[in-house]
Amino acid sequence: CEPFDVFERLGLPLRTGDYVPRLAPFGTFATSDGWFALCAPTDAFARGALRAIGRPELAEDPRFVSRDGRVANADVLHGLISAWARDRTTEEAVTRMEREGAPAAPVRSTAEAVRDPLVLDREEVVPLTHARYGQTEELLGSGVPITFSRSTVALDRPAPALGEHTDAVLGELLGYDADRVRAMRDRGVL
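The rules we used
Residues numbered from 1 in each chain as written. Predicted model: local features only at pLDDT ≥ 70, side-chain atom pairs only at ≥ 80, totals over all residues. Heavy atoms only, no water. Helix = DSSP H or I, 4+ residues; strand = E, 2+ residues; numbered from the N terminus. Buried < 20%, exposed > 50% of the residue type's maximum accessible area, 1.4 Å probe, protein only. Contact = heavy atoms within 4.5 Å. Areas by Shrake-Rupley, 256 points an atom, 1.4 Å probe, with all protein chains shown as cover. Arc of directions from axis to C-beta. Core = buried A, V, L, I, M, F, W, Y, C linked by side-chain atoms within 4.5 Å. Phe/Tyr/Trp six-rings, centres within 6.5 Å; stacked < 30°, edge-to-face > 60°. Lys NZ or Arg CZ within 6 Å of the ring centre and 35° of its normal.

Asks: Summarise the overall build of the chain; cite the residues concerned and give the values.
Replies: The secondary structure content of the chain amounts to nine helices and five strands. For the chain, the α and β elements follow one another from N to C terminus as α-β-β-α-α-α-α-β-α-α-β-β-α-α. Within the span of the chain, comprising 190 residues, buried residues form 25% of the whole. Relative to all contacts within the chain whose residues are 6 or more apart in sequence, the contacts with residues 24 or more apart total 44%. If you sum the accessible surface of the chain, you get close to 12,900 Å²; carbon and sulfur atoms cover 54% of it.

Okay, structure coming up:
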């Protein structure tokens, strides 16, 4: 977790667009059919990224040999990666980066991300169930991605309708009798 409030007080930009100014190479890059994200700020990851773009010799270039050098020359480094990625598909770019040991992933739309098989399998998102209309695969909402060794945690019923539990709360929890609840309804309190 980065101390964004401290960065702001120091005058460092918080919104940086496609790149993170304190790390390089690190950011999102356009491809011929989309975008991919690259997170390769360590020396080993950066060397992998340079091999992936066909420029392994740049790993010995003083501008790119260390993290500080890469950050100081981030525009040049990111420009090289951008130029390389422009004529490749996202799948090709990610595959090449991963093959060379540089962490990369496709940038997906929200709809694509929430339908990722791993996300669905972990129940980070689940199909929502409406009390009246049932469940639809098209409508997904936050699930409970926490798993326990001996307990099951799940959203096992839809959210209650407005006023659905009023009688239970007033009667069972607060001890109001049926006449008192009826009187409240007659007065327009409920």
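Once the structure has been displayed, the description carries forward.
Asks: Kindly report on helix 5 (residues 90–99), identifying the contributing residues and their values.
Replies: Residues Thr90, Ala93, Val94 and Met97 constitute the buried set of helix 5. Seen from one end, helix 5 has its buried residues packed into an arc of 95°, which puts them on one side. Residues Glu91 and Arg99 are exposed on helix 5 and point more than 90 degrees away from its buried face. Of the surrounding secondary structure, the elements contacted by the buried residues of helix 5 are strand 2 (35–39), helix 2 (43–52), helix 4 (74–86) and strand 3 (104–106).

Asks: Outline the nonpolar core, supporting the account with residue identities and numerical values.
Replies: In terms of nonpolar packing, the biggest core is built from 22 residues, with Phe36, Leu38, Leu50, Ile81, Trp84 and Met97 touching the most fellow members. Of all elements in the fold, only strand 2, helix 2, helix 4 and helix 5 reach the threshold of two or more residues within this core. When residues of this core are assigned to their parent elements, the largest contribution, five residues, is made by helix 4.

Asks: Break down the environment of Pro158 for me, citing the residues and quoting the values.
Replies: Mapped onto the elements of the fold, Pro158 is located in the loop between strand 5 (134–142) and helix 8 (166–173). For the pair formed by Pro158 and His130, sequence separation is 28 residues and the distance between their alpha carbons is 5.9 Å. With sequence-adjacent residues up to four places away left out, Pro158 is seen in contact with Thr129, His130 and Ala131.

Asks: Give me the lowdown on the packing of aromatic side chains, citing residues and values where you can.
Replies: Counting across every chain of the model gives two aromatic pairs. Relative to Trp84, the ring of Phe36 has its centre 6.5 Å away and its plane inclined at 85°; by these criteria the two rings are edge-to-face. With Phe36 in strand 2 and Trp84 in helix 4, this residue pair connects regions lying 48 residues apart in the sequence. By the burial criterion, Phe36 is buried, and Trp84 matches it. Ring-pair connections join several aromatic residues into one group, and the members of that group are Phe29, Phe36 and Trp84. Over the aromatic face of Tyr176 sits the side chain of Arg180, whose NZ or CZ is 3.7 Å from the ring centroid.

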